[in-house]
Amino acid sequence: AWRAQFSWLESMEDPQQLLLDSPNGLRGYEANSHEGQRRYLTNLEWRQPWWRPGSVVVGSAVFADAGIIGSPTRPIHDQPVLVGAGAGIRLGFSGLLGAPVIRLDVAYGFKPETWETSFGFGQRF
């Protein structure tokens, strides 16, 4: 799965409206670690099912995320590209309404060097 996203906000009441961090698509970085008004984000994820006991699917994911965030005082083209990569386990329930997915990811953020673990429900994108 691949996703590319660009967001640009102007004249907002809060000068830091967008976040670029693990909860907002850049795995490997803590929540609220990068903020601004202009954001570009891309995600690449390979998902592989491994075992299907009945209506449950156990699988894994390997991913890489990259993003840039800026503001009028920090132009986006002058900011470093932030990159995170990692792997995770997926537990899907195809027999339930909406086929919910439980995920556990471990990711490494390259600039600055950080590790981040996240747990959640549903696919990231």
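The structure we're discussing is the one just above.
Right, let's walk through the structure included here. (Residues numbered from 1 in each chain as written. Predicted model: local features only at pLDDT ≥ 70, side-chain atom pairs only at ≥ 80, totals over all residues. Heavy atoms only, no water.)

## Some details on the overall build of the protein
Helices and strands together make up the secondary structure of the protein, namely zero helices and eight strands. When the helices and strands of the protein are read in sequence order from the N terminus, they spell out β-β-β-β-β-β-β-β. Oriented by its inertia axes, the alpha-carbon framework of the protein measures out at about 55 × 30 × 20 Å. Counting over 125 residues, the protein shows a buried share of 38%. Across the protein, the fraction of contacts at a sequence separation of at least 24, relative to all contacts at a separation of at least 6, is 50%. Computed over 11 positive and 12 negative side-chain charges, the inter-centroid distance for the protein is 9 Å. (Helix = DSSP H or I, 4+ residues; strand = E, 2+ residues; numbered from the N terminus. Buried < 20%, exposed > 50% of the residue type's maximum accessible area, 1.4 Å probe, protein only. Contact = heavy atoms within 4.5 Å. Lys, Arg positive; Asp, Glu negative; His and termini not counted. Charge placed at Lys NZ, Arg CZ, Asp CG, Glu CD.)

## With respect to the packing of aromatic side chains
If you walk through the whole model with that rule in mind, you get three aromatic pairs. Both rings, one in Tyr108 and one in Phe110, keep their centres 4.8 Å apart while their planes meet at 90°; by these two values the pair is edge-to-face. Look at Phe110 and you get partly exposed, because its relative accessible area is 43%. Taking 5.6 Å as the distance between ring centres and 75° as the angle between the ring planes, the aromatic pair formed by Phe119 and Phe121 counts as edge-to-face. Here Phe119 matches Phe121 in class, with each residue exposed. Taken together, the aromatic side chains of Tyr108, Phe110 and Trp115 make up a single cluster linked through ring pairs. Just above the ring of Phe63 sits the side chain of Arg27; from NZ or CZ to the centre is 3.8 Å. (Phe/Tyr/Trp six-rings, centres within 6.5 Å; stacked < 30°, edge-to-face > 60°. Lys NZ or Arg CZ within 6 Å of the ring centre and 35° of its normal.)

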